[in-house]
Amino acid sequence: MLTHGAFKLNAITYRNKWEDAIDLYFIIKRLKIKKEDLIKHTYDTFGKDFFFYEDMYENIISRSLYNKWDKEEKINWCISNPPSDKEICDFLYNYFRDF
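Only a predicted model underlies this, so the values are computations on that prediction, with no experimental measurement involved. (Residues numbered from 1 in each chain as written. Predicted model: local features only at pLDDT ≥ 70, side-chain atom pairs only at ≥ 80, totals over all residues. Heavy atoms only, no water.)

Engineer: Is there a simple way to think about the overall build of the protein in this case?
Structural biologist: When its secondary structure is counted, the protein shows five helices and zero strands. When its helices and strands are written in sequence order, the protein yields α-α-α-α-α. Taking all 99 residues of the protein together, 40% fall into the buried category. Restricting the contact set of the protein to residue pairs at least 6 apart, pairs at least 24 apart contribute 77%. Carbon together with sulfur atoms contributes 52% to the accessible area of the protein, which is approximately 6200 Å² in total. (Helix = DSSP H or I, 4+ residues; strand = E, 2+ residues; numbered from the N terminus. Buried < 20%, exposed > 50% of the residue type's maximum accessible area, 1.4 Å probe, protein only. Contact = heavy atoms within 4.5 Å. Areas by Shrake-Rupley, 256 points an atom, 1.4 Å probe, with all protein chains shown as cover.)

Engineer: What should I look at first to understand helix 2 (residues 18–31) in this one?
Structural biologist: Because each turn of an α-helix spans 3.6 residues, side chains separated by three or four positions end up pointing in the same direction. The end-to-end C-alpha separation of helix 2 is 20 Å, in line with the 20 Å expected for 14 residues at 1.5 Å each. Counting buried positions along helix 2 yields ten of 14 residues, so the element is predominantly enclosed. By the burial criterion, the buried members of helix 2 are W18, E19, D20, A21, I22, L24, Y25, F26, I27 and I28. The secondary structure elements touched by the buried residues of helix 2 are helix 1 (2–14), helix 3 (35–46) and helix 5 (85–97). Once helix 2 ends, the next one or two residues include K32, with phi positive near 55 degrees. (Expected span 1.5 Å × (residues − 1).)

Engineer: Could you clarify how one ought to interpret unusual backbone geometry in this entry?
Structural biologist: Note: most residues except glycine have negative phi, and most peptide bonds are trans. Even without a glycine there, the phi angle at K32 is positive, about 55 degrees. Topologically, K32 is positioned in the loop between helix 2 and helix 3. With a relative accessible area of 70%, K32 lands in the exposed category.

Engineer: When you look at the environment of S84 in this model, what are you seeing that I'm missing?
Structural biologist: Positionally, S84 belongs in the loop between helix 4 (53–66) and helix 5. A residue is classified by how much of its surface remains accessible, and S84, at 38% relative accessible area, is partly exposed.

Here it is as structure tokens:
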């Protein structure tokens, strides 16, 4: 799942899709992945193709802080009590802000 998280983190640096943010939220939260491990694995996987950390940081922080994700696609939840948009945004903001 760390590799799947790396793919989602890399995708977020290139696009603004809400479904990627949701996937990353669940991967990090459920597996309790340390951000240092996730970023290192993403860099090891994508190398030069992985955006500089500042770009990724700005993308996630600003989108989460202002809830500016592309939500064009409808999310079909398969759980009975999904997290709110605010909960996901707050989690991602707090996870990445102090690195």
